[in-house]
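# Residue-level structural notes
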Amino acid sequence: MRDSISMDIPINTEGGSRVVLDLIYSLKVRDVMTRQLITAAPDSPMREVQKLMRDNGITGVPIVEGSRLLGIVSIGDLLLALDDGRISSSAEACMSRSVVTLEEEMPLTFAISYLNRYQFRRFPVLDKNGALAGIITAADIIKTLLVAMNREVERLEATIRAPASPTVANASDEAEAALSLSFNTYQFDFDNAGKASAELKKALRNLKMDPTIIRRAAIASYELELNQVIHSSGGVMEYIVRDGRITIVARDSGPGIADVAAALTEGFSTANNWIRSLGFGAGLGLPNAKRAGDDFSLDSAPGRGTTVCVTINYALPA
Amino acid sequence: MKTSDLAGHFGLETIQAEFTDAEISAGYTSDLLSDVMGKAGDSDVLITIQAHKNTVAVAGLVGIGSVIICNARPIPDDMIASAREEGIALFRTPLSQFEVSGQLYAVLHGLSAIPRSDAPVANRA
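Structure report, in brief. (Residues numbered from 1 in each chain as written. Chains lettered and ligands numbered in written order. Predicted model: local features only at pLDDT ≥ 70, side-chain atom pairs only at ≥ 80, totals over all residues. Heavy atoms only, no water.)

## Some remarks on the interface of chain A and chain B
If you look at the interface, chain A gives 26 residues, while chain B gives 26 residues. For the pair chain A and chain B, the summed buried surface comes to about 2000 Å²; carbon and sulfur atoms form 52% of the total. In terms of surface lost to chain B, no three residues of chain A exceed A:R117, A:R215 and A:Y222, which account for 28% of the buried area on that side. Where chain A packs against chain B, one counts one salt bridge. Ionic pairing is found between B:D78 and A:R117, a salt bridge with its closest N-O pair at 2.8 Å. Inspection of the region where chain A meets chain B yields eleven residue pairs in polar contact (both at pLDDT 80 or more). Of all the elements in the fold, those that place two or more residues in the side of chain A that touches chain B are α9 (195-206), α10 (211-231) and α13 (285-292) of chain A. (Contact = heavy atoms within 4.5 Å. Buried area = accessible area lost by both parts, 1.4 Å probe. Salt bridge = Lys/Arg side-chain N within 4 Å of Asp/Glu carboxyl O. Polar contact = N/O pair within 3.5 Å; in protein donor to acceptor, adjacent residues only side chain to side chain. Helix = DSSP H or I, 4+ residues; strand = E, 2+ residues; numbered from the N terminus.)

Have a look at this one:
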């Protein structure tokens, strides 16, 4: 039921301005959401929900029991109820039950990509205990971003300086290598997480590498890439293929690992609940990467950042 | 059985039909992507409730050719788009991971015929 006018928020979460990227990754859902909630109880008649929408100029009403979210009644649900003569029925009987929610600790990028990804126009926000904490709409995001961008532009205008010169890869290294690639990662950028590894896989396929070797390299690379996205403040994934050896170097700028031995133990994880809800944070990342490689080294300390190096040997053509 | 045999059976709704048809020898049931990464085989069908595009990325990297999303979870458009790009089949069912795994196991091990979609199925929704 997507509107004829696209509801997409025209902000690119992939490329684009570094300033805008920094903003949408540093702002949290809780900084943006509306906390004054207009809700209804499950036994409220739809007629009452309709009145709530009209009186408050809103297009969706969360149906709650205490602070627990049961569902949401949207304009679409209301129209269906009117069509079917169910306007006197309870909200519980007419609401949408399969509700996509956000958590308040998620970065704003999640809200932006959810709006672009799902047809829903609003997302209820839950706190870490699963209680309803707020609601977020495209208008909330646009308002907050405009204010934040204005502030940022003013700050930048005050400190305009020449851009730093881009780093140039070592030419002599590159001449010998069959492959040399490098990708940046950003914290919580789950939309692009895995892209570096997918590129590595593609490149290894082009080199006609053995499928088992490609699979091992892809696994090691993906786990290290996801670790950067989940745990670090951003980093670089580097790949070098040379002389029968694939080298994967994952280097990030912090915060570093306090207990390296624990981090290498299967099942140990410091990921929070919403990261776990995405299927990550099982404490298998580093152990998987280590198992996939022939050699593994990890150098990390709190405040310094982490560098992980995995190498995989492959047979050179005779 | 092949990927194309899944369509129209087990109560599955085909969400993304542009895939490379391949032999399915086993399934892997998990919602933890690192677990899938480390343990799933490359001719497995992945049975999960994890409906987002990182699931497709993991499937692509380990060589899984088809994904079944359980409990009728909403599937985001960008997940469908990246499955199409990777040539990975995407199905959805109202059944739970337990029900789908059980039915698929029975068929793959010759314990039962492929259940038809119009057969009554337990629906917890």
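## Concerning a nonpolar patch on the surface
Residues and elements named next belong to chain A. Taken together, I75, L79 and L82 make up a surface patch of nonpolar side chains, about 250 Å² in accessible area. Along the polypeptide, I75 turns up in helix α4 (residues 75-83). Classification of I75 as partly exposed rests on a relative accessible area of 34%. (Patch = residues over 30% accessible without salt bridge, like charges linked within 9 Å, V, L, I, M, F, W, Y side chains within 5 Å. Areas by Shrake-Rupley, 256 points an atom, 1.4 Å probe, with all protein chains shown as cover. Buried < 20%, exposed > 50% of the residue type's maximum accessible area, 1.4 Å probe, protein only.)

## Remarks on the layout of surface pockets
Of the volumes computed, that of the largest pocket is approximately 1000 Å³. Lining of the largest pocket is provided by 43 residues; of these, B:V56, B:G60, B:L61, B:E86 and B:I88 occupy positions nearest its centre. Looking at the lining of the largest pocket, the elements that each hand over two or more residues are α9 and α10 of chain A together with α3 (53-62) and α4 (77-86) of chain B. Of the residues that constitute the lining of the largest pocket, the class distribution is 15 nonpolar, twelve polar and 16 charged. Put simply, the second largest pocket is a space of about 830 Å³. Around the second largest pocket, the lining is made up of 27 residues, and of these A:V99, A:V100, A:T101, B:R73 and B:P74 lie nearest the centre. When contributions to the lining of the second largest pocket are tallied by element, the ones reaching two or more residues are β2 (68-74), β3 (102-103) and α6 (108-117) of chain A. With four residues, the single largest contributor to the lining of the second largest pocket is β2(A). In terms of residue class, the lining of the second largest pocket is made up of 14 nonpolar, eight polar and five charged. (1 Å grid on protein atoms, 1.4 Å probe; cavity = no way out; pocket = protein on both sides within 12 Å on 5 of 7 lines; lining within 4 Å. Points joined across faces, edges and corners; volume = space filled by probe spheres on them. Nonpolar A, V, L, I, M, F, W, Y, C, P; charged D, E, K, R; others polar.)

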